Amino acid sequence: MAAVVLRSCRKGLSHILKNGGVNTILPKTLGGVRQKSYVQYVTRPELPKLAYRRVKGKSPGVVFLPGYGSNMNGLKAEALEEFCRSLGHSYLRFDYTGHGLSEGVFTDGTIGTWKKDVLFVLDELAEGPQIMVGSSMGGWLMLLAAIARPEKTAALVGISTAADHVVTAFKSMSLEVRKEIEEKGVLTMPSKHREEGAYTFTMDFLKEAENHCVLQSPIPITCPVRLIHGLKDDDAPWHISMQVAQRVLSPDVDVILRRHGQHRMAEKDDIKLMVYTIDDLIDKLTTLV
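Fair warning: this is a prediction, and the values are worked out from it, not measured in the lab. (Residues numbered from 1 in each chain as written. Predicted model: local features only at pLDDT ≥ 70, side-chain atom pairs only at ≥ 80, totals over all residues. Heavy atoms only, no water.)

**Q** What's the story with the overall build of the chain in this structure? I'm lost.
**A** The secondary structure content of the chain amounts to 10 helices and 11 strands. A burial count over the chain gives 54% of its 289 residues as buried. Contacts spanning at least 24 positions in sequence make up 74% of the contacts within the chain whose residues lie at least 6 apart. Split by element, the accessible area of the chain, about 13600 Å² in all, is 50% carbon and sulfur. (Helix = DSSP H or I, 4+ residues; strand = E, 2+ residues; numbered from the N terminus. Buried < 20%, exposed > 50% of the residue type's maximum accessible area, 1.4 Å probe, protein only. Contact = heavy atoms within 4.5 Å. Areas by Shrake-Rupley, 256 points an atom, 1.4 Å probe, with all protein chains shown as cover.)

**Q** I would appreciate a short explanation of the packing of aromatic side chains in the present structure.
**A** For any pair of aromatic rings, the description rests on two quantities: the centre-to-centre distance and the angle between the ring planes. This structure, assessed with the given rule, holds 11 aromatic pairs. Members of the aromatic cluster, each reached through a chain of ring pairs, are Tyr-68, Phe-94, Tyr-96, Phe-106, Trp-114, Tyr-199, Phe-201 and Phe-205. Lying over the aromatic face of Phe-120, Arg-44 brings its terminal NZ or CZ to 5.6 Å of the ring centre. (Phe/Tyr/Trp six-rings, centres within 6.5 Å; stacked < 30°, edge-to-face > 60°. Lys NZ or Arg CZ within 6 Å of the ring centre and 35° of its normal.)

**Q** Honestly, unusual backbone geometry in this entry has me stumped. Any pointers?
**A** Most peptide bonds are trans, and most residues other than glycine sit at a negative phi. The peptide bond linking Ser-59 to Pro-60 adopts the cis configuration, its omega dihedral lying at 0°. Tracing the chain through its elements places Pro-60 in strand β4 (residues 58-65). Within the chain, Ser-160 stands out as a residue other than glycine whose phi angle is a positive 50°. Tracing the chain through its elements places Ser-160 in the loop between β7 (153-159) and α6 (165-171). The backbone of Asp-164 sits at a positive phi, close to 65°, despite the residue not being glycine.

**Q** Can you help me understand the pattern of salt bridges in this one?
**A** Side chains bearing opposite charge may pair, as long as their charged atoms lie close to each other. Here the structure, examined in full by the defined rule, presents 11 salt bridges. In this structure, Asp-117 engages Arg-44 in a salt bridge whose closest nitrogen and oxygen atoms are separated by 2.8 Å. Pair noted here: Asp-117 is in helix α4 (residues 111-124) and Arg-44 is in strand β2 (residues 40-44), with a separation of 73 residues, a long-range link. What makes Arg-44 buried here is its relative accessible area of 5%. Members of the salt-bridge network, linked through shared partners, are Glu-78, Glu-81, Arg-85 and Arg-93. (Salt bridge = Lys/Arg side-chain N within 4 Å of Asp/Glu carboxyl O.)

**Q** Would you mind going over the packing of α4 against helix α5 (residues 137-148) with me for this structure?
**A** In a pair of packed helices, the angle between the axes and the distance between the axes together describe the arrangement. Running from N to C, α4 and α5 point in directions that differ by 60°, and their axes come no closer than 9 Å. If you check the angle between α4 and α5, you find them oblique. By crossing handedness, the relation of α4 to α5 is classed as right-handed. Across from Ile-111, Trp-114, Lys-115, Val-118, Leu-119 and Leu-122 in α4, the residues of α5 making contact are Met-137, Trp-140, Leu-141, Leu-144, Ala-145 and Ala-148. The residue inventory of the contact of α4 with α5, partitioned by class, reads 11 nonpolar, no polar and one charged. (Axes fitted to C-alpha atoms, helices over the stretch in contact; angles between N-to-C directions. Parallel < 35°, antiparallel > 145°, perpendicular 65-115°, else oblique. Left-handed = near helix turned anticlockwise from the far one by under 90°. Nonpolar A, V, L, I, M, F, W, Y, C, P; charged D, E, K, R; others polar.)

**Q** Even after reading the chapter, I still don't get the side chain of Ser-102, so can you show me in this structure?
**A** Relative to the assigned elements, Ser-102 resides in the loop between β5 (89-94) and α4. A distance of 2.8 Å separates the side chain of Ser-102 from the backbone nitrogen of Ala-51, its partner in a polar contact. One polar contact links the side chain of Ser-102 to the main-chain carbonyl oxygen of Asp-95, over a distance of 2.6 Å. What Ser-102 contacts, discounting residues up to four positions off in sequence, is Lys-49, Leu-50, Ala-51, Asp-95, Tyr-96 and Thr-97. (Polar contact = N/O pair within 3.5 Å; in protein donor to acceptor, adjacent residues only side chain to side chain.)

**Q** Would you explain the confidence of the model for the chain in this entry?
**A** Detailed reading of predicted coordinates is not advised where the pLDDT is low. Averaged over all residues, the pLDDT of the chain equals 89, while 87% of them reach at least 70. Throughout residues 1-29 the model reports pLDDT below 50, and contacts reaching past four residues in sequence, or to other chains, amount to 58 contacts. (pLDDT = per-residue confidence, 0-100.)

**Q** How should I be thinking about the pairing of β5 in this particular structure?
**A** Look at any regular strand and the pattern is simple: side chains alternate between the two faces of the sheet. Most of β5 sits inside the fold, with six of its six residues counted as buried. The side-chain alternation of β5 yields two buried faces, one formed by His-89, Tyr-91 and Arg-93 and the other by Ser-90, Leu-92 and Phe-94. Note that strand β3 (residues 47-55) and β5 share four bridges and pair antiparallel. By the bridge assignment for β5, Tyr-52 is matched with Phe-94. A crossover connection joins β4 to the parallel β5 through helix α3 (residues 75-87); in handedness this β-α-β unit is right-handed. (Pairing = 2+ DSSP bridges. Right-handed = clockwise from strand over helix to strand, strands pointing away.)

**Q** Sorry, what's going on with the pairing of β2 here?
**A** Residues Gln-40, Val-42 and Arg-44 of β2 are buried on one face, while the alternating residues Tyr-41 and Thr-43, pointing to the opposite face, are not. In the sheet, β2 pairs with β3 via four bridges, with the strands oriented antiparallel. Counterpart to Gln-40 in the pairing with β3 is Tyr-52. What sits between β2 and β3 in their antiparallel hairpin is a turn of two residues, with Glu-46 showing a positive phi close to 60°.

**Q** I'm lost on the packing of α4 against helix α8 (residues 203-210) in this one. Help?
**A** Axis separation between α4 and α8 bottoms out at 8 Å; the angle between their running directions is 55°. One way to sum up the angle between α4 and α8 is to call them oblique. Each of Ile-111, Gly-112 and Trp-114 in α4 lies in contact with α8, whose residues at this interface are Phe-205, Glu-208 and Ala-209. In terms of residue class, the contact of α4 with α8 is made up of four nonpolar, one polar and one charged.

Encoded structure:
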């Protein structure tokens, strides 16, 4: 069983700040990306084209996996590009099928569909081992990809990881409520982060997602894992990150809880913490080499 380390944010970052670290580039990072990468498209046989942005550079590279219904142009994704560019490391962000600028119909997508997207990107667009950074559902896909492609996984950073969450939420409901949802064919989960005020999942989506659950048994991942979660996350509770930490086989697992952090983790200090965490991992991985 993996060791779980609970850090206060200040203590966990002090050594980076003490040594200068990424502190000098943060104002530029958080003030907006100056030189954006350009959108490219990759064609796949009999599958929708995927839109992506890439910065070439050193290894390990960083790959960002956005959340459900999100895209590659969010604040975290933009900040990571500027950070990687400043350090000279490669960086890749993309839109899943049916998301953002990629082809496909969003409502036709499944966890399996988007897992295939991630694996394709790792196989065809990413060079060498990567630090995968997954936000919300992207944290779930990050775990699935690491299991399937251990040779392409240098480390993992989960932000508000939502592994198994939609399936767990449905199963935790009373039998009466579950039957009602099954009759309607749709599960609705309230969220202040959606314009519609809720996430909507079909029963077909739920049944398919159940095939990709990871928290019912040990997770065969042995690389360094960092899990950042807000205690005020109303969409995907912080205890999910604790469960992931307990399940992964890696001996190098840290869980970082932000007292006032919410689901999106897009405040200035949230993004600083994410960047510091990745900087620390890059330093660790390159020192080992």
